[in-house]
Amino acid sequence: MAARGHVQDPNDRRLRPIYDYLDNGNNKMAIQQADKLLKKHKDLHCAKVLKAIGLQRTGKQDEAYALAQEVAALEPTDDNSLQALTILYREMHRPELVTKLYEAAVKKVPNSEEYHSHLFMAYARVGEYKKMQQSISAQDENLSKTMFLPLAERMVEKMVKEDKIEAEAEVELYYMILERLEKYQEALDVVRGKLGEKLTSELQSRENKCMAMYKKLCRWPECNALSRRLLLKNSDDWQFYITYFDSVFQLIDESWAPPLEEEQSLEGEVHYSIEQAVKFIEERITEESKSARPLRGPYLAKLELIRRLRCRGCNDEYKLGDPEELMFQYFKKFGDKPCCFTDLKVFVDLLPSSQYTKFISQLLEVIPLSATAESEVALPADIKALQQHLCVVQLTRLLGIYHAMDKKEKLTAVRELMLRYRHGLEFGKTCLKTELQFSDYYCLLAVHLLLDLWLEEGEETAVWQCLTFLEEGLSHSPSNAQFKLLLIRIYCRLGAFEPVAELYSSLDAKHIQHDTIGYLLTRYAESLGHYAAASQSCNFALRFFHSNQKDTSEYIIQAYKYGAFEKIPEFIAFRNRLNSSLHFAQVRTERMLLDLLLEANISTSLEESIKSMSLSPEEDDIPWKDLRDNRDLTVLFNWDPKDRDISEEHRKLSLEEETMWLRIRSLTLRLVSGLPTLSHTIQPKNSEETAENGVSSKIDTIRSLLQQLEAAVDSGKKFLEQKIQYPVLGPPPTRMAGFFSNGSCQCQTSLFYLVSDIYELDTNGLEDSAEIQERIGNSFKSLIERLTDLFNKCKGDLIEVRDGTLKTQPNLLENLVFFVETISITLWVSSYCDSVLRPFKSNLQKKKKKKKESSVAMPPVFTHFLDYVTELQTLTSNVIDHIKGLEIILTALKLEELSLKDTLLLQEEKKFTKTVQGKVQSSYHHSVQEIGELLKKRLDTIKKLKI
């Protein structure tokens, strides 16, 4: 070690038992041992730090921090103390303190390579890239050559001249530097030169880098020649077909002609006309026919060329063939491969819409299907025929043929698809539980047809059939993520969150998926009244985002250590992208609101809750300008035609809507967090001291936030006027529409205006404030009216049987949840009113006793407040009674006696229908129970509001 000779330090021997106790998790003994050692050796800094680690691990964070800072203030340079402090700060999630530690150590021991190296890594952990550079340049020449590869072009050039570049990573670094400096020609020379020979770890690494530089330099002849050469080697590499076509058309547009004397290009022969391109592709197809295994590339390249020529309006001159016939031949060759559909999907635009039905019939004719005695439908005899038929059915959906059917035809198609699905299960009898059944897509397609019926024609029975079929599918294919994702979406639309939590956890979402698909869970948990599950789902997501900070720093450090320099910018971009994630900001905000909803003024005071979250009304930590929408909106398979599919416009609008809703929620949270800051301080009215204490500036913050909230609400209302309809399987809409329509928004904003009035009364006093008191009295009245209106929008049956069909009203659940939230904010504001009015009343009573008069007039604001609290109590009791009523109805509802009027249901389907209906009923019951429990706790809080 840097600070130590070869002889073992006697302190190591003394510290060893403490290390052992800490390693074995025996923290108490570690603390005791450290105390013993410190009695004998007061200046043994490392023992203090090890004691601090023990304290940190036993939950005594403040003591641990104080002890650590004591040692850090002495700026230790012994290795043991520095390493122990690094471990402690890491466990405290305070990596920035490690940088200060090593900055001090480097100042005291400037020649220590080891400390320089630790300082560099510490900067990497906290993302201090400027300082990393300085830390390198501050080190001696030897270190910059060994551990940290040069980060500047001149340094690398020097190494090149001295022929000191040996490792591939060093060449990669040189290439990266030149590329970032936009010195593309120099970068190309490096890759094509002697150094480029070291680029061997990745397949075609050298060729890919050359290609990238040719494109940057717009050297299309080289691009063309290189892609042509690589296609001769491997005619199935799609990326090179794209480059080949791009370069051919660039050369045509530039009217490029080969030079007479010299070579056509650095990379050899160049194709610069359509005739050459057509001939080249035809040759690839001829070559393919001789190949041992069938290659898709050449056939798809021909279709791609037709598409490009058609875009340029010059297809007929070059007889490449009829796209319909080419696609038919492609199907005959590759129709039994699952990729056939995705390959052809790109090119269906080449077919005229009048030919769609004929094309599908043509495909069906070549599939070997045979009718059986039991079924009128012709069924495939083996997996190959099943895959071919499945491909045709997917194309039928993509071409819009299913969409054009009427209700009766759609139902017939659904029956046929389910028949084919059940027949196909025979081929998968030997499949493992983790494998998908061959015929799963039939079931999914049937469900898509039923979703059309439900959402476009309001056919309520269709949604129950969707769930029935999906649950049946899941029983045969327990690992099918598509079944689970679709079940999650449909259950959530029906307002049933209970089955969703289990389905999501069975998806076993890993790492980044908490950001890309986590929205499916967090969007609905709280809004459907499952508060416990909402807390849990927010925790899952937040745990991932917080660990990402730590993990990504480690990845960056490993990349530096092992010379994988090209990965460092990727890791940094990845970290930034996650830190700016829209979902991260949403979950953080909703989690804090949820915690306040469940705890503030119930188990802890509002002030304590806000303090524990380190919330401040002035601070806004959401990166509004850089918000990134990382949601995967195409995670659900979809075979809809382009005009019905999710478009770029939908994505943009959804992000806009999500951001608006996040702004409203964030401002609400900040306004609530401002309430305790206004808490009553007995000061002479209008004195300068109130301004100095910052209370008046606090009310200015509240008023400014309130203006921002009004603006955000206006933007939201304007946005909703567009009446945007996202595709069924597109992004789920936010809760914003419900928030405005049920009156929660008006209630919540008027509550914050009331805060401003109460504050005014507090500063002006009771005398000469009749106008303010009247305003407050009117606010109380209108609040009760608005809350009553909101309650009226919560009335109705969540689930009822009408005409033999189950009808659900999930919006009633969302309204109830909004009611509970609004009542909670009402109570926090009322507590503030209480804290202002209570001292006034006690002062009046003291005056009354002094004057011994019984007729000291009570200001009207007290009566207004007491009436308001009484009405609030009555209203909340009524809502709790209504919820009890809902519980009773849900418990008494006997769904098993309900036979859905659709007699087409088979016996095994009825079993799943019963399961599905039971799950929805149970989930509603659970929601209502949780909402009721929370309201009862809030009612207890109201009863304490007596001035």
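This text goes with the structure placed above it.
Calculation rules
- Residues numbered from 1 in each chain as written.
- Predicted model: local features only at pLDDT ≥ 70, side-chain atom pairs only at ≥ 80, totals over all residues.
- Heavy atoms only, no water.
- Helix = DSSP H or I, 4+ residues; strand = E, 2+ residues; numbered from the N terminus.
- Buried < 20%, exposed > 50% of the residue type's maximum accessible area, 1.4 Å probe, protein only.
- Contact = heavy atoms within 4.5 Å.
- Areas by Shrake-Rupley, 256 points an atom, 1.4 Å probe, with all protein chains shown as cover.
- Phe/Tyr/Trp six-rings, centres within 6.5 Å; stacked < 30°, edge-to-face > 60°.
- Arc of directions from axis to C-beta.
- Axes fitted to C-alpha atoms, helices over the stretch in contact; angles between N-to-C directions.
- Parallel < 35°, antiparallel > 145°, perpendicular 65-115°, else oblique.
- Left-handed = near helix turned anticlockwise from the far one by under 90°.
- Nonpolar A, V, L, I, M, F, W, Y, C, P; charged D, E, K, R; others polar.
- 1 Å grid on protein atoms, 1.4 Å probe; cavity = no way out; pocket = protein on both sides within 12 Å on 5 of 7 lines; lining within 4 Å.
- Points joined across faces, edges and corners; volume = space filled by probe spheres on them.
- Salt bridge = Lys/Arg side-chain N within 4 Å of Asp/Glu carboxyl O.
- Disulfide = S-S within 2.5 Å.
- Pairing = 2+ DSSP bridges.
- Expected span 1.5 Å × (residues − 1).

Participant: Would you mind showing me how to read the overall build of the chain here?
Facilitator: A count of helices and strands for the chain gives 41 helices and four strands. With the C-alpha coordinates aligned to their principal axes, the bounding extent of the chain is approximately 115 × 90 × 55 Å. In the chain, which comprises 947 residues, the share counted as buried stands at 52%. Taking as baseline every contact in the chain between residues at least 6 positions apart, the subset at least 24 positions apart corresponds to 72%. A total accessible area of about 44,600 Å² is found for the chain, and carbon and sulfur atoms account for 51% of it.

Participant: Can you walk me through the packing of aromatic side chains in this structure?
Facilitator: Aromatic ring pairs are described here by two measures, namely the spacing of the ring centres and the angle between the planes. Enumeration according to the criterion identifies 20 aromatic pairs in this entry. Note on Trp 256 and Tyr 272: the rings are 5.5 Å apart at their centroids and 70 degrees apart in plane angle, and the pair reads as edge-to-face. Taken together, the residues span a long stretch of sequence, with Trp 256 in the loop between α15 (238-253) and α16 (274-290) and Tyr 272 in the loop between α15 and α16 at a distance of 16 residues. Judged by its relative accessible area of 19%, Trp 256 falls in the buried class. Looking at Tyr 272, the relative accessible area reads 27%, which means it is partly exposed.

Participant: Can you help me understand unusual backbone geometry in this one?
Facilitator: Negative phi values dominate among residues other than glycine, just as trans dominates among peptide bonds. Its identity as a non-glycine residue notwithstanding, Cys 218 has a phi of 55 degrees, on the positive side. For Cys 218, the location among the structural elements is in the loop between α13 (205-216) and α14 (220-233). Assessed through its relative accessible area of 49%, Cys 218 is described here as partly exposed. Even without a glycine there, the phi angle at His 511 is positive, about 45 degrees. Position of His 511 relative to the elements: it lies in the loop between α26 (498-507) and α27 (513-516). Residue His 511 is classed as partly exposed on the basis of its relative accessible area of 35%.

Participant: Teacher, can you tell me more about helix α12 (residues 184-192) here?
Facilitator: Of the residues making up α12, those classed as buried are Tyr 184, Ala 187, Leu 188, Val 190 and Val 191. Down the axis, α12 shows its buried residues gathered within 160 degrees of arc, on one side only. Buried residues along α12 sit in contact with α11 (168-180) and α13.

Participant: Please clarify how the packing of α13 against α14 should be interpreted in this entry.
Facilitator: Each packed pair of helices is defined by two parameters, the angle between the axes and the distance between the axes. The interhelical angle for the contact between α13 and α14, taken along N-to-C directions, is 155 degrees, at an axis separation of 8 Å. On the basis of their axis angle, the class for α13 and α14 is roughly antiparallel. As for how α13 packs across α14, the hand of that crossing is left-handed. Where α13 approaches α14, its residues Glu 207, Cys 210, Met 211, Tyr 214 and Lys 215 are matched on the opposing element by Trp 220, Glu 222, Cys 223, Leu 226, Ser 227, Leu 230 and Lys 233. Grouping the amino acids of the contact of α13 with α14 by side-chain chemistry returns seven nonpolar, one polar and four charged.

Participant: Please clarify how the environment of Ser 830 should be interpreted in this entry.
Facilitator: Residue position: Ser 830 is located in helix α39 (residues 810-851). The exposure class assigned to Ser 830 is buried, which follows from its relative accessible area of 1%. Put simply, Ser 830 and Gly 424 are 406 residues apart on the chain and 64 Å apart in space, counted from C-alpha to C-alpha. Residues within four places of Ser 830 in sequence aside, it is in contact with Phe 865, Tyr 868, Leu 872 and Leu 945.

Participant: What is the right way to read empty space enclosed by the protein from this model?
Facilitator: One water molecule sets the probe size; rolling that probe over the atoms shows where empty space is left. For the coordinates displayed, the defined rule picks out nine cavities of 30 Å³ or more. A volume near 300 Å³ is recorded for the largest cavity. Lining the largest cavity are 21 residues; nearest its centre among them are Thr 522, Arg 523, Gln 586, Glu 590 and Trp 661. For the lining of the largest cavity, the secondary-structure elements that each account for two or more residues are α28 (519-522), α29 (531-561), α31 (582-599) and α33 (648-674). Broken down by element, the residue count for the lining of the largest cavity peaks at six residues, all from α31. Broken down by class, the residue content of the lining of the largest cavity amounts to nine nonpolar, six polar and six charged.

Participant: When you look at the layout of surface pockets in this model, what are you seeing that I'm missing?
Facilitator: Its boundaries defined by the atoms lining it, the largest pocket holds a volume of some 1,300 Å³. Lining the largest pocket we find 46 residues, and of these Leu 455, Arg 493, Tyr 524, Gln 725 and Pro 733 sit closest to its centre. The set of elements that each furnish at least two residues to the lining of the largest pocket consists of α23 (440-457), α25 (481-493), α35 (695-720), α36 (736-741) and α39. When residues in the lining of the largest pocket are grouped by element, the largest group, six residues, is from α23.

Participant: Mind showing me how you'd approach the pattern of salt bridges here?
Facilitator: Note that side chains of opposite charge can pair when their charged atoms are close. Per the counting criterion, the structure on display carries 47 salt bridges. The partner of Asp 35 in a salt bridge is Lys 51, and the shortest N-O contact between them spans 2.9 Å. In this pair, Asp 35 sits in helix α2 (residues 27-40) while Lys 51 sits in helix α3 (residues 45-57), placing the two residues 16 residues apart along the sequence. The partly exposed category is assigned to Asp 35, whose relative accessible area is 30%.

Participant: How should I be thinking about the packing of α2 against α3 in this particular structure?
Facilitator: As a packed pair, α2 and α3 sit with axes 9 Å apart at the nearest point and diverge in direction by 155 degrees. Classified by the interaxial angle, the pair formed by α2 and α3 is roughly antiparallel. Crossing geometry of α2 relative to α3 is assigned as left-handed. Between α2 and α3, the contacting residues are Asn 27, Ile 31, Ala 34, Asp 35, Leu 37 and Leu 38 on the first element and Ala 47, Lys 48, Lys 51, Gly 54, Leu 55 and Arg 57 on the second. Of the residues contributing to the contact of α2 with α3, the split by class is six nonpolar, two polar and four charged.

Participant: Where do I start with the state of the cysteines in this structure?
Facilitator: As used in these notes, a disulfide is a covalent bond between sulfur atoms, one from each of two cysteines. For the coordinates displayed, the defined rule picks out zero disulfides. The thiol of Cys 538 is unpaired, and the distance to the nearest cysteine sulfur, on Cys 492, comes to 14 Å.

Participant: Hey, could you run me through the pairing of strand β3 (residues 799-802) in this one?
Facilitator: The two faces of a sheet get side chains in turn, since along a regular strand they alternate between them. Alignment of β3 against strand β4 (residues 805-808), held across four bridges, turns out to be antiparallel. Considered in β4, the bridge of Ile 799 is made with Thr 808. Between the antiparallel neighbours β3 and β4 lie two residues, among them Asp 803 with a positive phi of about 50 degrees.

Participant: Looking at this structure, I do not really get α23. What am I missing?
Facilitator: Along an α-helix, residues three or four positions apart point the same way, because every turn accommodates 3.6 residues. Helix length check: α23, at 18 residues, gives a terminal C-alpha distance of 26 Å against a target of 26 Å (1.5 Å per residue), a fit within 8%. Of all the 18 residues making up α23, 14 are buried; the element is thus mostly covered by neighbouring parts of the structure. Looking one or two places after α23, you find Gly 458, whose phi comes out positive at around 65 degrees.

Participant: So what exactly am I meant to see when it comes to the side chain of His 650 here?
Facilitator: Note that His 650 resides in helix α33. On the basis of relative accessibility, which here comes to 17%, the residue His 650 falls in the buried class. Dropping the residues within four chain positions of it, His 650 is found in contact with Asp 645, Gln 725, Tyr 726 and Pro 727.

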